[in-house]
Every structure is written in C-alpha cells, then in structure tokens.
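Here is how the chains run, residue by residue.
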Protein chains: 4
Amino acid sequence: MSFNTFGHLFRVTTWGESHGPALGATVDGCPPGVPLEASMLQHWLDRRKPGQNKYTTQRREADEVEILSGVFEGKTTGTPIQLMIRNTDQRSKDYGDIAQKFRPGHADISYWQKYGIRDYRGGGRSSARETAARVAAGGVAREAIRALLPGAEIRGYMTRMGTHEIDRAKFDAAEIDNNPFWVPDATAAETWAGYLDALRKSGSSVGAVIEVSATGFPAGLGAPVYGKLDTELAAAMMSINAVKGVEIGEGMAAAELTGEANADEIYMGNDGQPRFSSNHAGGILGGISTGQEIVVRFAVKPTSSILTTRKTIDLDGNETEIITKGRHDPCVGIRAVPVGEAMMACVLLDHILLDRGQTGGVRGPIG
Amino acid sequence: MSFNTFGHLFRVTTWGESHGPALGATVDGCPPGVPLEASMLQHWLDRRKPGQNKYTTQRREADEVEILSGVFEGKTTGTPIQLMIRNTDQRSKDYGDIAQKFRPGHADISYWQKYGIRDYRGGGRSSARETAARVAAGGVAREAIRALLPGAEIRGYMTRMGTHEIDRAKFDAAEIDNNPFWVPDATAAETWAGYLDALRKSGSSVGAVIEVSATGFPAGLGAPVYGKLDTELAAAMMSINAVKGVEIGEGMAAAELTGEANADEIYMGNDGQPRFSSNHAGGILGGISTGQEIVVRFAVKPTSSILTTRKTIDLDGNETEIITKGRHDPCVGIRAVPVGEAMMACVLLDHILLDRGQTGGVRGPIG
Amino acid sequence: MSFNTFGHLFRVTTWGESHGPALGATVDGCPPGVPLEASMLQHWLDRRKPGQNKYTTQRREADEVEILSGVFEGKTTGTPIQLMIRNTDQRSKDYGDIAQKFRPGHADISYWQKYGIRDYRGGGRSSARETAARVAAGGVAREAIRALLPGAEIRGYMTRMGTHEIDRAKFDAAEIDNNPFWVPDATAAETWAGYLDALRKSGSSVGAVIEVSATGFPAGLGAPVYGKLDTELAAAMMSINAVKGVEIGEGMAAAELTGEANADEIYMGNDGQPRFSSNHAGGILGGISTGQEIVVRFAVKPTSSILTTRKTIDLDGNETEIITKGRHDPCVGIRAVPVGEAMMACVLLDHILLDRGQTGGVRGPIG
Amino acid sequence: MSFNTFGHLFRVTTWGESHGPALGATVDGCPPGVPLEASMLQHWLDRRKPGQNKYTTQRREADEVEILSGVFEGKTTGTPIQLMIRNTDQRSKDYGDIAQKFRPGHADISYWQKYGIRDYRGGGRSSARETAARVAAGGVAREAIRALLPGAEIRGYMTRMGTHEIDRAKFDAAEIDNNPFWVPDATAAETWAGYLDALRKSGSSVGAVIEVSATGFPAGLGAPVYGKLDTELAAAMMSINAVKGVEIGEGMAAAELTGEANADEIYMGNDGQPRFSSNHAGGILGGISTGQEIVVRFAVKPTSSILTTRKTIDLDGNETEIITKGRHDPCVGIRAVPVGEAMMACVLLDHILLDRGQTGGVRGPIG
C-alpha cells in the first residue's frame, strides 16, 4: 500500500490499523540533543483523544504513547524514534454489518477496488485512528522546533462548523482552549454546542473548516518550484482523513481579488527586517516563507457514518441498504484540529532542517 | 534550490530561467514503446503560448519544443526524454527597475531572503515561463495515457474570473475551445471579455478559478495515507505559480454539508461495475479513485504586476515605490488552464505506473 | 540521523538500539494477500540469533518477533507491517569502560564527531543488533517472493574465513546448514572450527567473505543507469555492519581478465529462452538481470572488539589504552550470512514490484 | 527506464543516448553563489574525451559542454543547472550488424528482455557516452566543494591493468597526469603501454582497477545505517558502466585480517584533532567519515567489444556468431578514472549539504 511516509529530512512513517494490537509512528531524522520524554507527546495526544465529551466518538482509547527508541538519557540521539500506541478498545462486533457492505462516503469500496482485500474493522488504515500517530510525531517535531526556534508557535482552531462561521472581529486566541471546538470565540462556542448537539441527536453529522497558524518562523523556508512551502502544507493537510480542500492565506477567495487588493505592500520594520502591510499571501511568496504568520486552512467533510439509511452494494455486487451504527463523531473536524497542528509542525521542521542541515550543525568537540 | 522534480515513477524535472538561453523538462520513467514526436507536444504548448490575444502577455515566445533524447524511430525507449525550449524573446531591459526593488506580491523578496542571490530578469525560476516545461512534459504523459488507456480524457476550463462565476446549468463542454478563457459557456465568454478588457486597460489584474476534469480513468489509483490521489493532485496544483487554494469535488464547501448531503450513494451499473448517485467526492474516496470523474479546482491569485504605484523597499532596505511595467497578463489564470491539465496528466500517469509497474509489463520476446 | 530506510516500493525502515527497550522494522509496500505469520519470520531470525554456539557472542537474546500491524486473517493487507523485537538481555554494565573511551575500529569516534552525542551502550544504532530487524524484514520479502515467484531461491554461505577459502570444486550446497559457518564443504567446516577456536581463545578475531546466490528470478530486474541491479545490491550489502567490499560475479578479479575470458557467450535453451555458456557477469548485464543465477559477494572486516590492549583517546582528548571486554563474536561474518540473504530478498522483491507494480496487479472483483 | 538520477540534496539526472542529438546532465541542488562557467567543466571533460591517444576509442567527440541554465552573472543561482553536450560523431553505420545480434557481455540482451525495445546504435543509455554527463556534473560538484572546502582534493588513478598492478612503494602522485593511464608510477606507465599496445593490436581487451582518493574532507559525513558513506560510494561507483566490484579501504582483503591488524589505533594530533595510526578503514568508520583520507577502489571489467568471433543469438532466437567491429577501447578502465573522480565529488558534496543544509546557510541581508 506504501506511501505511509511523509517528509524529506524529518521523515514520519505511520503504521497500524484501528483494530490491530497497536499503531504508531517511526520518526526518522530528528536532530540529536532534543530533550524528549513520553509525557511531552502525551500532552498533544490527549487533545485529540476521543471520548472526552459528547461531541466526539464514545470509543474510549487510552492513547498512551511509548517511546521505544531514539531517546537516551532524556535526549534524542538522532536515531529513529519509534512511537507506539496500544489499541485498548477494539469492539469489533460493532463492525459486523460493514464486513459485507460498503459504507457510502467511506474508503471501503475504493480500497476493495484497489487491493481486493481490506480490514473492515473500522476501516483499517483509513480510520481516523491513524491520526493519533501523526499527533505523536508532531509532538516530536514541536520539541525539536522549541529547541531550534524558541518562541515559535503553532496553533490550530476551527473557523467553521457546518453553516456557522466565526466572526473574525471577535477572534480571541485565549478562548481556543476553553471549549470543545477550539473555536476562538466564547459566544460562538455556545451557539455551536447547541447546533452540534441537535445534529448528534438526529444521528447526522457536519463538516468543518480548521485554520492553523504558525508564528515566529524565519523567512526562507520552502523551495521555489515543486517544494513550495504552500505545496508541502497543502499535501500535508490534504493527507488528513476527510479533508477535501486546502487554502493558503486568501485561498480560493484570492480568485475574486484584483492585484491591488491582493498584493501585500512592503516596508521596513524597526528591527531592520522587511514587514508587510497585510497578509493575503498567508506568509508565503513564491513558495518561500517571508517571516510573516503562516496561515493554512482546510475543510473536513462531514462524517459519512450516520444513522440514516443509505443505498449501497455488498461484496457480491447486490444492491442493498446500510445504516452505520457504531461510535462516531458528529463532526470529525473537531479532532482534526490537533492533527492539523501536528502536520504543520512536521512540515516546518522538515524545511528548517533542509536549510540548516540534518545535524543542525551539531558537532562533537573532542577534549 | 532543489525540489525541481515531481512524481514517483514518472518523474519530471523542469529547468531553466525565463531569460536564460533555454528552459525545459527532463522526463524520466515514461514507459517504452509510446509513439511520440515533437508536434504532439507542440499542440499543447501552443495552448498556453503567450501573445495569442490581448488577454495574455504581449511577450512573444515561439515556445518551440525539441526532443533531445529518449525517442528512437518515433517511439519512446523508456530512457529520459529531454525537452528543450529555446528562449527567443528576452527583452531584459524591461526589467531594469526591478533589479533594485522588490515587487509586492512577487517571489523577489522571499528568494532574496533565502538565497541572497536572484535572477531579477523576470523572476528566474518563479516566472510563469517555467510552466511551459510542465505543459511539454504533460504532453508526454498524455501520449503515454493514450497508449495505456484509450478513451481517457483530461480537460481544464475556467469556472471563475474575479467576481464572475459560471452557471453550472449552462455548462457546455463544446464551448471550451471557442473562447480565450476556456470557459464552458458562450455567453459567459462574452461577459468575461468585456470585464477583463476593462481591467486590462486600467492596468489592473484579477484572479481566477480553474477546474480540471479527468474521465475514463480506472478505480484504484492513489495510496491510502500520504499518497492519497487528492493529496498528490493538491500538491501538483499548488505547485503552479500563484495558486493559493485547491479543492477536490465539493472542496471547501464540504464543510457546510451534512453527512446525508455529502456521501455519494452506491448502486450497480449495467456493466457490473459500481456506480455512484452523485460525485461530491470528486471521484476519490479515502485517497483512491473510484472510477468516477476526477474533479480538481484551484484558485490563481491576480497578477501582482500592475500599473498602480505600490509601496515597497529596495535592496538597501530603503522604503520606496514601484510600478511594474513590462508585459504582463491581466489574468494569469487563463494560461494556468493548460498547466493544470498537464499536472493532472502527470499525476495520473504516475499512479497508473505505480499500479501497473514501470515497464507496463512490456517484455521483449526472443524469437 | 536519518537514512534508516532502504528500498523504493518495498521500503524497510529499521529502528531501535541494542540496549533500548526494543528494536524492529517498519515494512512498507508489501503487496496485499501474502500469507504471513510471525513463525515464518522467526525461522530466519533464529538463524542469526547470537549465543547458539561458541563462535558467536554469548549475549543471549530471545529475538522473538511480534507483528504489530499489516496482517489480517493471516494475510498481508498491503498496509505497513510493524515488526518488533524486545531487547531482553541488556547488561549495560559490560560497557562501563567504553562510555569514556573510543574503541578503535568502531563507530564510536565518528558518531561523536558527527552528532556530539551517542548511545555508548553497545554502539546504539551501529550495533550488529540492528541486523536482526533486517532479517525479520527479509523474511517478509521472502514470503512475498514465494507468493509471486514459486521456485525462486536465495541462499547465502561463507566462502572465506580469514586465511581459509573454500575449494569451489568441493562446493556442496547440502552441507551449508550442517555447520555453524554455513560453509558449503564439510571438510572445510572442520578446519575452520579449529582455526576459529584458536582465534577465539586468544581473544582475537578475523574477517570473512560471504556469497549470496539467487536463482529462479526473471530477466529484466534492475534499471540501466543509477538503479542497476548490481548497484542496488552493492548498496544493500555495503550497508551491513563491518562490510568493506562488494563484488558481483567475477568482482574485483574481472580486472585481470581479457574480453574473451570475461564475456559470457549466448545460446538458446530448449525452453526457447536465452542461456549463457558461463556466468562471469553474476547474472547481471548492464545493470539488468538476465535470468541467470545472481551472485553477490561481500567482505566483512574482523570484529574490532578484541582482548588486546589498543591505543586510543577518551572524550576529553587524552591519549589512553583500551581492551574491549564484553561478549563479542570472533567472526561477525558468521552472523552476516542470514543478513546478506535478507538484503538480497528485499532488493529483488523491490525490483519485481517496480516492474509488476505495487499492487501486483491485484484488483478486487465486485460480485 | 527511470533511475537516471542520483543524490539526495545534490541531485544529478543524466539523459541522452550515444547516438541521439545530444546528452547531458540536469544538476539540481547546487548551492547558490558558486562561481561557475563552462570552461571549468570542460577541463574535466577533456580528461575523459575519447580519441586522445591510441589507447582509447578513435571515435572523435568534441564533447563541448554548454550551460543552459542555473548560472547568472558567473555564479550559480541555486536553480537547476542544465548541462548539454551535442553528439557530433554519430557513425551509425558502424553498428549495422549489432542491430540484429546481441553482443555477449553487453547490455543488449538484458535491455531487450526488459523493455522489448532498444536503441542499438552504440547501446543507447548503456553506452560509456553517458559518463561524459557524469564528468560534467562532477565538475559542478568540484567547484561547489572548492567554494565550501578550500584545500579539499579528489584524485583518481589506476592501480591495476589486467595482470599488472602498481607497486605501492613507488607511488608518485606527481606522475599521475604524465601518462595516458593515470598511473602513479612512471616505470609502470611504460610497461603498461607495451602491454596494452599488444592487446589492442590483437583486438583483445583487458580490465582495470581504479582508486579514488579524497583528502581535506571533514569528519562526520555519511549516515549510520542505509546512508553509510561507504554505501553511497559503493553505489556511485557500481553505477559506472562495466564496474563489477567496489572496495573501501582494505576492501575484500579485510576478510583476511585479524582485529589487531585491521583496527586503526587513535591518537591526538597537534591540532587537537584525533588522528589514526593507519587507514585500513579507508577513512570511514560505521559509515561516517573520520577526517582521514577517503579511499575507494573499483574494478572495471574488460571491454566486451573484441575482434574475436563469439557465439550469440539474434532477435529471432537463432544461434549465430558475432565480431564486434566499430571503434572501441582496449581498456575502458582508462576513461573510468575521471568518471570515478566525478562520482566521488558528487557523493561528498551531497553529504556536505545534508550536514550543512541546502542553502549552505546563505541568507540575503536586506540593507
């Protein structure tokens, strides 16, 4: 099935199925000397952990990460870091019905068409469980960034849930961690809660838009043609389950602007560095970071597992119907927030290393 | 600067600056035995060739492609195909002013921040000239696809120019080649002509949205996690100059839908193959093609080179102003249509080869 | 530290240190539908397991492999196969002395010079323990090959131990598994036993040459220039610890031959396939397999850990002396035999997939 | 056919057939700011240029290299450097006979078995002509190394021609450029001249061993497992036409040594850097450079094109005979010397960039 790896110098390979014994990430290319322990990664894993509130799947997973290699005496050695998360809650019985039928909107049918074999227990590799491994790997990237670029920050939040979009005028970063939707607006959080609750009770689901912002990163990250930073970020975000659209800065809306409205003017900052009068570019020009805030958005489609009867076919090609029971999220977009942050961290670290070199310039003194 | 290559088994490396002696593409991994001659590639190059009408830059380039290797007796040999396009029109004098100043919205400043050196003659690698090489390479991919999948078709068209969007109800594929905007609606073509003409005269510019559709491709293309077909297409489109957003199927709008509205129901076609009641997924589920029409959209920002005075800085860090003269497109989105088609062709061929193998199963009989 | 992965479509990433909690291999790109269970891999692991006789390190490791992912109902699913081997015997106290001193001939000093940090417990990643993961991954490759090419065989054996070389006239494949050296000659096995026993008692060590042969593989594997099959095999074997030379067919001796003596003449076999009068080429012409036996040899240097006092320096740059105690092999070449076989299996499968495609042409029938 | 690229950050893709209009190399990843002009590359190309003396093929090629991109105002810009060499002497008539018959020892038959199509005019991609492109690319690497590591030096020479080997005691580097064999011993040069002359007249050919030495390179180059510096060098050398064996330091002979004899002792140099009492390791320990001289050797098999009648088959599978006329080298090993140097330069630069980063830390000051 291959293509389970992303990154150039900082390479992450995720492995494991939602209902196998374990899943995890093999993280290769982390610079040596970065302080790292499991608790640092657990912090981020806990953010996406399911079953924390009524808005996420009631499947309960401890999602405890173990570091099996690459760390010695509390620091990374530069060797591969193996992160393992045991699957503890594997109620396969939930999935009996879908062993024979293809769930509309799910990868079931396309996997079958490609491989002629599939792990029907919760979708195998296509399960959102895979993103737990990304979050763990992203935690490693965050620690490496912390060591290389003190002050750099990556933060994700929801800007839309179904028909509800945030009001940029009320954007309050301090509110992000105060609600289950990571929405930067206390009032919106309340409205969204009622909205999603109704959807959940009706057995329906809805999509979302997540925005991830990165500040404190240097100018010069990215490569001009096929390694554009926006290309890399688009690929990273589009690789997340259920994502169907990605935008950098103005994104799709850039199509409606004139050159005057879109091009960010340049002036000199007091620190002798160039500044921009606006950030329609999302911090990236010609594929290379300018030192401004890097802004990426992505759309997550609504969960396809719903309680409404849907037309489908079975393995024998007979037309039939299906209702997807089991434990699912009314809005998978919620748990996509920490995943988007993790992907942003991995991509940015990768490009920092491409510029600085793999060893981060570390050299061992003799004597 | 690296990252000038894309693709896994079908690998394209573009090279050359807008004002150097030549530019082109090194195409590696094309299967052997594909009928190929320069005229087949020229057909597609002519579609994006500038100076064809008042809506594209008046810079005149013959854009004649030469095949320097990889073809013997009218067929590809499986060896690298070197495609060279000589630059014939290099009025560097046009660019005198920008040698000292950074153009807002352009890659000038980010390149300088990264490399400390740049080819100011038209932006070097960041010039839209680079896309000529993509179109030539895409032509090779199209011929290989023609040989492997007779009947498969790739077609691009504009769905939005600035504030004007097409009316899907009036979609007429037959009209695409009848107007300078490749818009599938004769009436829209007229309206857009007036709209862009006004913008052009005022020295302004505007963005656009291009949609590329692929039909006749098999189910099973793509890989589940980091090689999702939508990931690959997003990266390919986002790597095109000035693109700031990419959508697959419903794209960003998927965020506003419910699971009932978004998931495409499945039934059996008369040919015993699965069919879908709709195509919100854009022909891709879980990263793998379903055999439906594959639909990608991308937004191109407005040309940053405009006749309005803009604030900027110069190489010495002094604040100053700039007006970008020179010959430019009021809507670069127009010429992005054949480029998007080319990228689609390269990505799909690459994944066909990943499934079928590099030699396409060709084996030489002895006797 | 990166570069812990090898292969193109069949990709193996090894991870883990000799004295960490575990080590293993992440195997990506195995075709779906291959029958696989841990016992099949254990068979090969047991061949290289230390402590089996007095000629290999007395360190005792169970080397029991667990399959954590990628297998469902006894068959590979095409998803990443995670192989984990717990480290059970970690007597770190053995290594106290070398925490401060660099062992001559070991990677200690070069790692320190590069990374400025190292896991001194048995060399971390540079320990021969890493090869256990290769053997496990090679076992997966062997099963995939068995499924794709029934009858294909890969076999390794020693052709030289120190000053003793085998007599090709007495080559007896049946003897390979009957002695601790995997030498294809019963008489040689006895002589070598005495020879190595003496070296072991004197606390010395010696090098070896291993030959790996592959039969039953098709013509056409490999690529002409930088993916020559001999290039790929050379890289694979040279990546094994302590290997300093690699040969294909005649190898270095080809330099002494004339064109008449070296070029293998061609004739037709009864099966209508081309045959060769000899195999100086080692089964590879122009980087591509010819269908003949593929023959690779590699030289393993003597273990650098010996009981003789050696001059060296410590972390502070002081000149000092060292005697490497701990448990070591008098001839690491012995355990390199199954490792060479594993690398051969991985490289050949990778190139079979490059030709056949990743899914091996598998397609799921509907109905 | 793919696999026409080598390198990680410094990537070289060669293209072109021996009898097409041109061949060349696309060099991607060269740092910006390196002084470069065609004459610098021509210097190295002239070293391998055929027809210079009676010991190399009388085919006359100007081998003039053109730089088509990547250089502006005499310096590299960091963009892809396209190097083109026109084929001027294409006497295809020479090759009439081999269009129907497979030459023993050549890639003819294996290519046919793989691709079912081939360019019989001089072997297409398998022609030694391809190495001209490597030498040109190596010239770029040499200039980048000169800029990054003043004083570093790469030098190749022959140590064996057929049955004649050099006497290390008489090694005189000053003699290398004084004879057509690049042998570091004036007396040997005379003997070899007579020896090869006789072989040439008899229409025979012979193999050779080339040694390439690199001095002035830092400790820390290479990666511990699959990116070992010796692995990378082995792959690079084995990818050269007709090479069948590669050795690092002691090479195959290491198998005959004891641990005492093989492990290089360590002491402190006056400059406070570690030194070694010997260099059996060839300057690489555990895959990482130690700062010592890096020593690689490779064996080139004898030219398979000889004037003796050989048994073979034709395209129809009929057994027949062939005499290879045309213009060939009695010892292709001679022209492999500059090719080996070029590969060494490319590999070392690549690993320098992996450590230092792609932009070499260059940052553009504003103001």
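Residues numbered from 1 in each chain as written. Chains lettered and ligands numbered in written order. Predicted model: local features only at pLDDT ≥ 70, side-chain atom pairs only at ≥ 80, totals over all residues. Heavy atoms only, no water.

- The name an unreviewed UniProt entry assigns to chain A is Chorismate synthase, from the organism Psychromarinibacter halotolerans.
- Per its UniProt entry, chain A bears the Catalytic activity (unreviewed entry) comment "5-O-(1-carboxyvinyl)-3-phosphoshikimate = chorismate + phosphate". (UniProt positions renumbered as here; feature names shortened; annotations may be inferred.)

Things to note about the overall build of chain A
Right, on to step 1. Tallying secondary structure elements over chain A gives seven helices and 18 strands in all.
Right, on to step 2. The C-alpha atoms of chain A give a radius of gyration of 21 Å, which matches the 21 Å a tight globule of 367 residues would have.
Right, on to step 3. Put simply, chain A has 367 residues, and 69% of those count as buried.
Right, on to step 4. Long-range contacts, defined as pairs at least 24 residues apart, comprise 70% of the intrachain contacts of chain A with a sequence gap of at least 6.
Right, on to step 5. A total of about 10,800 Å² of accessible surface is found on chain A, and carbon and sulfur atoms cover 49% of it.
Right, on to step 6. Across chain A, the 39 positively charged side chains and the 44 negatively charged ones have centroids separated by 6 Å. (Helix = DSSP H or I, 4+ residues; strand = E, 2+ residues; numbered from the N terminus. Rg over C-alpha atoms; globule rule 2.2 N^0.38 Å. Buried < 20%, exposed > 50% of the residue type's maximum accessible area, 1.4 Å probe, protein only. Contact = heavy atoms within 4.5 Å. Areas by Shrake-Rupley, 256 points an atom, 1.4 Å probe, with all protein chains shown as cover. Lys, Arg positive; Asp, Glu negative; His and termini not counted. Charge placed at Lys NZ, Arg CZ, Asp CG, Glu CD.)

A look at the packing of helix H1 (residues 38-48) of chain B against helix H7 (residues 333-356) of chain B
Residues and elements named next belong to chain B.
Right, on to step 1. For the pair H1 and H7, interaxial distance at closest approach is 7 Å and the crossing angle is 150°. It follows that H1 is roughly antiparallel to H7 by the angle criterion. Listed contacts from H7 to Trp44, Arg47 and Arg48 of H1 are Arg335, Pro338, Val339 and Glu341.
Right, on to step 2. Of the residues assigned to the contact of H1 with H7, the class counts are three nonpolar, no polar and four charged. (Axes fitted to C-alpha atoms, helices over the stretch in contact; angles between N-to-C directions. Parallel < 35°, antiparallel > 145°, perpendicular 65-115°, else oblique. Nonpolar A, V, L, I, M, F, W, Y, C, P; charged D, E, K, R; others polar.)

Digging into the pattern of salt bridges
Right, on to step 1. Using the criterion set out here, one finds 76 salt bridges over all chains in the structure.
Right, on to step 2. A salt bridge links A:Arg155 to A:Glu153; its shortest N-O distance comes to 3.9 Å.
Right, on to step 3. In this structure A:Arg155 comes out as partly exposed when scored by relative accessible area, which is 30%.
Right, on to step 4. Its relative accessible area of 41% is what places A:Glu153 among the partly exposed residues.
Right, on to step 5. Between B:Lys244 and A:Asp230 there is a salt bridge whose closest N-O contact spans 3.2 Å. Of the two residues, B:Lys244 is situated in strand S11 (residues 243-248) and A:Asp230 in helix H5 (residues 229-238); the pairing between them involves two chains. A:Asp230 matches B:Lys244 in its accessibility class, with the two residues each being buried.
Right, on to step 6. The network of salt bridges with shared partners includes A:Arg47, A:Arg142, A:Asp177 and A:Glu341. (Salt bridge = Lys/Arg side-chain N within 4 Å of Asp/Glu carboxyl O.)

Details of the sheet that holds strand S7 (residues 81-86) of chain B
Residue and element names in this part refer to chain B.
Right, on to step 1. Strands sit in the order S1-S2-S3-S7-S4 across an open sheet of five strands; the sheet is antiparallel. Looking at which strands have only one partner, the edges of the open sheet turn out to be strand S1 (5-6) and strand S4 (65-67).
Right, on to step 2. Across two bridges, the pairing between S1 and strand S2 (residues 11-16) is antiparallel. Counterpart to threonine 5 in the pairing with S2 is threonine 13.
Right, on to step 3. The sheet strands contacting H1 are S4 and S7, and the helix crosses S4 at an angle near 150°. (Pairing = 2+ DSSP bridges.)

Considering the interface of chain D and chain C
Right, on to step 1. Listed as interface residues are 101 residues of chain D and, on the opposing side, 101 residues of chain C.
Right, on to step 2. Summing the contributions of chain D and of chain C, the shared interface buries around 7,800 Å²; its carbon and sulfur component is 63%.
Right, on to step 3. Taken as a group, D:Phe3, D:Tyr226 and D:Lys244 account for 12% of the area that chain D buries against chain C, more than any other trio of residues on that side.
Right, on to step 4. D:Lys114 is the salt-bridge partner of C:Asp355, the closest N and O atoms lying 2.8 Å from each other.
Right, on to step 5. At the junction of chain D and chain C, the tally comes to 49 residue pairs in polar contact (both at pLDDT 80 or more).
Right, on to step 6. Take the side of chain D that touches chain C: its biggest share by element is six residues, from helix H2 (residues 108-115) of chain D.
Right, on to step 7. In the sheet, strand S11 (residues 243-248) of chain C pairs with strand S11 (residues 243-248) of chain D via three bridges, with the strands oriented antiparallel. Counted as the bridge partner of C:Glu247 is D:Gly245 from S11(D). (Buried area = accessible area lost by both parts, 1.4 Å probe. Polar contact = N/O pair within 3.5 Å; in protein donor to acceptor, adjacent residues only side chain to side chain.)

Side note on the UniProt feature "binding site: FMN" (unreviewed entry) in chain A
Right, on to step 1. Per the UniProt annotation, the sites labelled "binding site: FMN" (unreviewed entry) are A:Arg125, A:Ser126, A:Ser127, A:Asn241, A:Ala242, A:Gly286, A:Lys301, A:Pro302, A:Thr303, A:Ser304, A:Ser305 and A:Arg327.
Right, on to step 2. Within the secondary structure, A:Thr303 is located in the loop between strand S16 (294-300) and strand S17 (310-313).
Right, on to step 3. By relative accessible area, which is 9% here, A:Thr303 ends up buried.
Right, on to step 4. Beyond its immediate chain neighbours, meaning those up to four positions away, A:Thr303 contacts A:Ser205, A:His328, A:Asp329, A:Pro330, A:Cys331, A:Val332 and B:Gly259.
Right, on to step 5. Along the polypeptide, A:Ser304 turns up in the loop between S16 and S17.
Right, on to step 6. Residues in contact with A:Ser304, not counting those within four places in the same chain, are A:Pro104, A:Gly105, A:His106 and B:Ala263.
Right, on to step 7. At 3.3 Å, the side chain of A:Ser304 and the backbone oxygen of A:Gly105 are in polar contact.

So, helix H3 (residues 130-148) of chain A
Right, on to step 1. In this model, H3(A) (19 residues) spans 28 Å end to end at C-alpha, consistent with the 27 Å of a helix rising 1.5 Å per residue.
Right, on to step 2. In terms of burial, H3(A) is largely enclosed, as 16 of its 19 residues are buried. (Expected span 1.5 Å × (residues − 1).)

Some points on the side chain of D:Gln42
Right, on to step 1. Of note, D:Gln42 is situated in helix H1 (residues 38-48).
Right, on to step 2. Here the side chain of D:Gln42 touches D:Val65 through a polar contact of 3.0 Å, landing on its backbone nitrogen.

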